[in-house]
Amino acid sequence: MKTRTRVLALLLAVCLFVTMLSGCATKPYVMMIDDVKIRQGIYGYYYGYNYYNYFENYGESTVQYYTITSLFQHVAIYKLFERNGMKLTAEDEAYIEDMRAARIEALGGQAGYAAFLKTIGLTDKLHREILAISPMYTQLFEYYFGEGGSEYITEEEVRQIYSDLYAHEAHIFISTENVETVEDRDALRAKADEAHARAVAGEDFSALIKEYGDDEYMAAHPEDGYYLAQGDSGSDVIDEALFNLGIDEISEVVETEAGFFIYKRLPVQESYLDSVFENGTAYATYVEMEFSNFLMDEMIQYDPEYLQAYYEVDFTQAASAFAYLASVNSAATTGTTTDAAAAQ
């Protein structure tokens, strides 16, 4: 315990010195988003988090992208919350306090918490504002997309969207994988044309799949078929052929690098939709996505403007706060000491 206290005290002293050098006390605002001034600590928090998580594998451009996206969402949530005259509830305030207390505990107490904030350039008040984003997001989601909200959408409506989005298809696939000559390919094309002619003449499509097809699963389960959304096939020519078909219509022969396809579009089965929506996850995911799009519609109206102070601060130091937080969280999980990690 004494060792950890000494490490935290040393970290706090270093952070205080680095923060003084950064000049954050005299330059609190580093950018504007729409008409909102962004303080150094708010920017540093999001930048530090994203730098720690993404820089090593994805580089600075990804860090910047996620930082700006996080800041835009931060501003959008506060603006929408204020625009609708909303207030944090007692339960929300309790959540914020619980999250703050958990972070203090994870950092070993008030000294570690103070070091964490100083490294980023945050005050406790600004940190609470960031923690408030989660309950504000939840309130806004319920306000707009909950039952009775202006953007509310029922599960039945989402089922219909899924039904329209997906194509249920069966196909005859004639592979050209082992073709070596033009003549061989021409022979397989003739075979595909023959199968197509028989299909459009009204012969049983499932029987034709079994007679001509090289897709083993399709041959074994021709009535089941596949469900595809646009893009799932990985081929624009397949998408164009399949998604322009009406129910029970048969496509022309579709030529791809893999071989020749003949598609028949089948009706979307209610049993399939039941399986997709049985546990509520598909509905919840779709509505969450719609809320993200709703926020994006707000966010695309914003223009960022970097202020002079932005160019005078090294925000990468904020990443060390998240590296330290991760190390103490890891120590709490594994039960091991992380004095070396904390010293870093």
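Use the structure listed above.
S.K.: What exactly am I supposed to notice about the sheet that holds strand β1 (residues 29–33) here?
M.R.: Strand pairs in the sheet, formed through backbone hydrogen bonds, run parallel or antiparallel to each other. An order of β2-β1-β7 is seen for the three strands of this open sheet, with the pairing classed as antiparallel. Edge strands, defined here as strands with exactly one partner in the open sheet, are β2 (36–39) and β7 (304–306). In this sheet, adjacent strand axes meet at a mean angle of 30° when their direction is disregarded. The pairing of β1 with β7 spans three bridges and is antiparallel. The residue bridging Ile33 from the neighbouring strand is Pro304, located in β7.

S.K.: Please explain the pattern of salt bridges as it appears in this structure.
M.R.: Side chains carrying opposite charge are able to pair once their charged atoms draw close together. Under the defined criterion, the tally for this structure stands at 16 salt bridges. Here Lys79 ties to Asp34 by a salt bridge, and the two come within 3.2 Å at their closest N and O atoms. Taken as a pair, Lys79 in helix α3 (residues 60–83) and Asp34 in the loop between β1 and β2 lie far apart in primary sequence, 45 residues in all. Given the relative accessible area of 37%, Asp34 is considered partly exposed. Arg159 is the salt-bridge partner of Asp274, the closest N and O atoms lying 3.1 Å from each other. In this pair, Asp274 sits in helix α13 (residues 270–277) while Arg159 sits in helix α8 (residues 155–165), placing the two residues 115 residues apart along the sequence. Here Arg159 falls in the buried class, since its relative accessible area comes to 9%. Each of the salt bridges in this network shares a partner with another, and the network as a whole consists of Glu97, Arg100, Asp124 and Arg128.

S.K.: For this particular structure, what's the right way to read the sheet that holds strand β4 (residues 226–229)?
M.R.: Spatially, four strands are ordered β4-β3-β6-β5 in an open sheet, and the strand pairing comes out antiparallel. One side of each edge strand has no neighbouring strand; the edge strands of this open sheet are β4 and β5 (254–255). Where strand β3 (residues 166–175) and β4 come together, four bridges link them in antiparallel fashion. Each residue of the ladder has a partner; that of His168, found in β4, is Tyr227. The sheet strands contacting α8 are β3 and β4, and the helix crosses β3 at an angle near 20°. Packing of helix α12 (residues 236–243) onto the sheet brings it into contact with β3, β4, β5 and β6 (259–266), and relative to β6 it is tilted by some 30°.

S.K.: How should I be thinking about the packing of helix α4 (residues 90–106) against helix α5 (residues 110–120) in this particular structure?
M.R.: Helix packing geometry: the angle between the two helix axes and the distance between the axes. For the pair α4 and α5, interaxial distance at closest approach is 7 Å and the crossing angle is 105°. Between α4 and α5, the angle is such that the two are roughly perpendicular. For the pair α4 and α5, the contacting residues are Arg100, Arg103 and Ile104 in the first and Gln110, Tyr113 and Phe116 in the second. In terms of residue class, the contact of α4 with α5 is built from three nonpolar, one polar and two charged.

S.K.: Honestly, the side chain of His168 in this entry has me stumped. Any pointers?
M.R.: Position of His168 among the secondary structure elements: in strand β3. The exposure class of His168 is buried, given its relative accessible area of 1%. In this structure the side chain of His168 is engaged in a polar contact, spanning 2.7 Å, whose partner is the backbone oxygen of Pro267. With sequence-adjacent residues up to four places away left out, His168 is seen in contact with Glu223, Asp224, Gly225, Tyr226, Tyr227, Lys264, Arg265, Leu266, Pro267, Val268 and Gln269.

S.K.: Hey, could you run me through the packing of aromatic side chains in this one?
M.R.: Describing an aromatic ring pair means giving the distance of the ring centres and the angle of the ring planes. Evaluation of the coordinates by the stated rule reveals 32 aromatic pairs. Here Tyr51 and Phe55 contribute two aromatic rings whose centre-to-centre distance is 4.4 Å and whose plane-to-plane angle is 10°, an arrangement assigned as stacked. Taken together, the positions of Tyr51 and Phe55, both in helix α2 (residues 40–58) and four residues apart, correspond to about one turn of that helix. Ring centres of Phe145 and Phe294 lie 6.0 Å apart, and the angle between their planes is 85°; this geometry places the pair in the edge-to-face category.

S.K.: What should I look at first to understand the nonpolar core in this one?
M.R.: In a soluble, globular protein the nonpolar side chains are often hidden away together inside. Judged by nonpolar contacts, the single largest core of 64 residues is most densely connected at Tyr43, Leu71 and Phe116. No other element matches α3, which puts nine residues into this core. With residues up to four places along the chain from it excluded, the contact list for Tyr43 reads Val30, Met31, Ile38, Gln64, Thr67, Leu71, Tyr306, Tyr310 and Phe315.

S.K.: Sorry, what's going on with the environment of Ser275 here?
M.R.: Relative to the helices and strands, Ser275 resides in helix α13. Separated by 2.5 Å, the side chain of Ser275 and the backbone oxygen of Tyr272 make a polar contact.

Conventions and cut-offs
- Residues numbered from 1 in each chain as written.
- Predicted model: local features only at pLDDT ≥ 70, side-chain atom pairs only at ≥ 80, totals over all residues.
- Heavy atoms only, no water.
- Pairing = 2+ DSSP bridges.
- Helix = DSSP H or I, 4+ residues; strand = E, 2+ residues; numbered from the N terminus.
- Axes fitted to C-alpha atoms, helices over the stretch in contact; angles between N-to-C directions.
- Salt bridge = Lys/Arg side-chain N within 4 Å of Asp/Glu carboxyl O.
- Buried < 20%, exposed > 50% of the residue type's maximum accessible area, 1.4 Å probe, protein only.
- Contact = heavy atoms within 4.5 Å.
- Parallel < 35°, antiparallel > 145°, perpendicular 65-115°, else oblique.
- Nonpolar A, V, L, I, M, F, W, Y, C, P; charged D, E, K, R; others polar.
- Polar contact = N/O pair within 3.5 Å; in protein donor to acceptor, adjacent residues only side chain to side chain.
- Phe/Tyr/Trp six-rings, centres within 6.5 Å; stacked < 30°, edge-to-face > 60°.
- Core = buried A, V, L, I, M, F, W, Y, C linked by side-chain atoms within 4.5 Å.

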